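Examining the three-dimensional arrangement
One-letter residues, chain by chain:
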Amino acid sequence: MPEKTDAATAEKTELKKYQPLVYLTAFTAALAGLLFGLDVGVISGALAFIARAFSASTLEQEWVVSSLLWGAVAGTLISGVISRRYGRRTTLLLAAAVFALGSILSMLAQSAGILIGCRVFLGLAVGMASFTAPLYLSEIAPARIRGALISMYQLMITIGIVLAFLSDTFFASYFKFHGVTGGHWRIMLGILVVPATVMFIGVFFLPESPRWLFLKGRKQEAGRVLARVRADGEEIARETAEIAAELEQENAGWRMFRRNGNFRRAVFLGIGLQVVQQLTGINVVMYYAPRIFQAAGFADTAEQMWGTVLVGVVNVLATFIAIAFVDRWGRKPIMYTGFLVMGVSMCVVGLAMPPAAPLAAGEVPVRAFISIAALLTFIIGFAASAGPIIWVICSEIYPLAGRDFGITCSTATNWIVNGVVGLTFLSLLEGIGPRATFLLYGGLEAVFIIFFLLWVPETKDVSLEKISANLLAGKKLREIGRGRGT
Ligand code: BGC
């Protein structure tokens with residue numbers, strides 16, 4: 001026991017050696033996650049007002065929601081090239097500028113079509129941020145706190161979503177109180193220019209990634225940055241050697257994908273993981289929460305919006321469960337539990353829903369409460385498992401040489417499937433009804449447990465080098481996390 005305490009104290013002392021700059025840098029980069037969350041979350045509260053303002057059809061509404069996601073797919077794909085050529089910091093700056101400009105343009109949109117175009121533009125920023133921020137974080141973070149810093153990024157996404165829900169609810173209530181009709185959505189979307197500007201200013205003062213500086217042959221500058229963000233000379237020397245070895249194999253992603261079947265398996269696994277994350281149906285809840293509350297029987301707009309805020313808060317809080325247990329229990333036990341919880345609760349949401357939408361106001365409130373409780377349980381299941389852990393596993397399974405390539409593929413997949421889900425939900429709701437829609441998503445969770453059983457490795461306590469060596473040696477995917485080694 002005392003030994004354990006000693007080890008813990010030693011670890012704390014060790015961690016303390018990192019300069020505040022590391023945390024400040026990580027925090028600022030994670031602001032990209034905040035903006036990602038803000039832009040994803042803002043639409044749920046604004047949608048009803050936009051639909052009213054432009055008399056938008058179901059299809060137009062689905063496009064207003066999902067246009068951002070298609071922009072994000074393009075943003076992810078171009079940021080591989082931009083961040084390689086111009087640097088991670090420049091890409092983050094560009095993302096912040098596009099965020100700011102996109103928010104103003106969306107606020108001024110004069111038709112549903114123009115708004116859809118503005119949201120594609122905004123999506124470019126979201127995609128650039130979702131590719132670059134975790135990459136920058138992983139390059140600037142000391143190895144020992146890397147996992148925590150990447151989880152912080154997911155935490156920021158969830159905080160962004162809840163802040164957007166809150167801001168939407170605030171403006172809706174404020175305008176209602178003052179008897180203002182129409183125009184709510186403009187201020188809801190436009191206000192995001194404020195955090196975007198804060199991010200731009202913050203990122204302006206960030207150091208460039210040392211790894212990228214090395215890549216560009218700017219070794220002295222890289223050394224200076226490392227000296228500011230690493231604990232001691234020994235760590236700097238070790239990392240410099242690692243970066244040098246890594247650079248030998250740079251740019252090998254696409255070539256490796258074509259030539260190396262083992263690497264291809266990892267790429268497909270990453271793609272599969274992100275498909276699974278999105279098909280849990282999480283964003284159905286994130287984008288359409290007020291609509292779901294309405295379908296469940298809450299007729300009042302204020303009830304729907306406060307319910308949505310509750311969804312956001314639960315999403316933030318439950319993320320801490322994953323952060324606390326991911327390195328203790330391992331990834332897979334958390335995922336099995338999470339998918340079980342999500343599957344059961346989605347089915348309960350479905351069964352408690354009326355068979356066809358919409359429900360008349362005030363009908364069967366008990367049933368409405370059951371479905372909302374189940375919806376919140378679903379969010380806990382997701383935020384404690386698939387939310388952060390899919391991003392973590394995706395950052396662990398690729399060999400260094402193919403990492404940028406692998407992450408581009410899996411992140412782009414995240415946005416593509418996200419777009420498909422956003423684009424089909426209202427049609428499903430209207431076509432097969434809320435009950436069948438939620439039962440469909442519930443059934444999928446069971447299929448995903450099988451996916452995890454068959455293909456996903458446990459990567460807790462295993463070094464990335466070991467995972468990579470196992471993969472390239474041809475071990476089965478679910479076994480590439482076998483064997484320890486740091
Ligand atoms: C997902 C997003 C989702 C968010 C919700 C992220 O991990 O990739 O699509 O909106 O979690 O918290």
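Our subject is the structure that appears above.
Read on for a plain summary of the structure. (Residues numbered from 1 in each chain as written. Predicted model: local features only at pLDDT ≥ 70, side-chain atom pairs only at ≥ 80, totals over all residues. Heavy atoms only, no water.)

Looking now at helix H18 (residues 386-394). Helical periodicity: at 3.6 residues per turn, an α-helix aligns residues three or four positions apart in one direction. A large share of H18 lies buried, amounting to 9 of its 9 residues. By the burial criterion, the buried members of H18 are Ala386, Gly387, Pro388, Ile389, Ile390, Trp391, Val392, Ile393 and Cys394. (Buried < 20%, exposed > 50% of the residue type's maximum accessible area, 1.4 Å probe, protein only. Helix = DSSP H or I, 4+ residues; strand = E, 2+ residues; numbered from the N terminus.)

All right, on to the packing of helix H5 (residues 112-140) against helix H19 (residues 403-455) then. Geometry of a packed helix pair, given as the angle between the helix axes and the separation of the axes. Look at H5 against H19: their axes get within 11 Å of each other, and the N-to-C directions meet at 140°. Considering the angle they form, H5 stands oblique to H19. Every pair of crossing elements has a handedness; the one defined by H5 and H19 is right-handed. Contact with H5, carried on its side by Val126, Gly127, Ser130, Phe131, Leu135 and Ser138, involves Arg403, Asp404, Thr408, Thr411 and Trp415 of H19 and no other residues of that element. (Axes fitted to C-alpha atoms, helices over the stretch in contact; angles between N-to-C directions. Parallel < 35°, antiparallel > 145°, perpendicular 65-115°, else oblique. Left-handed = near helix turned anticlockwise from the far one by under 90°. Contact = heavy atoms within 4.5 Å.)

All told, the structure shown has 3 salt bridges when counted by the stated rule. Residue Arg331 is joined to Glu396 by a salt bridge in which the shortest nitrogen-to-oxygen separation is 2.6 Å. Highlighted residues: Arg331 in helix H16 (residues 331-352) and Glu396 in the loop between H18 and H19, separated in sequence by 65 residues. The partner of Glu479 in a salt bridge is Arg482, with the nearest N and O atoms 3.8 Å apart. (Salt bridge = Lys/Arg side-chain N within 4 Å of Asp/Glu carboxyl O.)

Time to look at the packing of aromatic side chains. In the structure shown here, the tally under the stated rule is 17 aromatic pairs. Aromatic side chains Phe257 and Phe268 sit 5.9 Å apart centroid to centroid with 70° between the ring planes, which places their arrangement in the edge-to-face category. Taken together, the residues Phe257 in helix H12 (residues 253-259) and Phe268 in helix H13 (residues 261-279) connect sequence positions 11 residues apart. On the accessibility criterion, Phe257 (16% relative accessible area) is buried. When the ring of Phe339 is compared with that of Phe452, the centres are 5.6 Å apart and the planes differ by 40°; the resulting orientation is tilted. Residue Phe339 is found in helix H16, and its partner Phe452 is found in helix H19; the two are separated by 113 residues along the sequence. In this structure Phe452 comes out as buried when scored by relative accessible area, which is 1%. (Phe/Tyr/Trp six-rings, centres within 6.5 Å; stacked < 30°, edge-to-face > 60°.)

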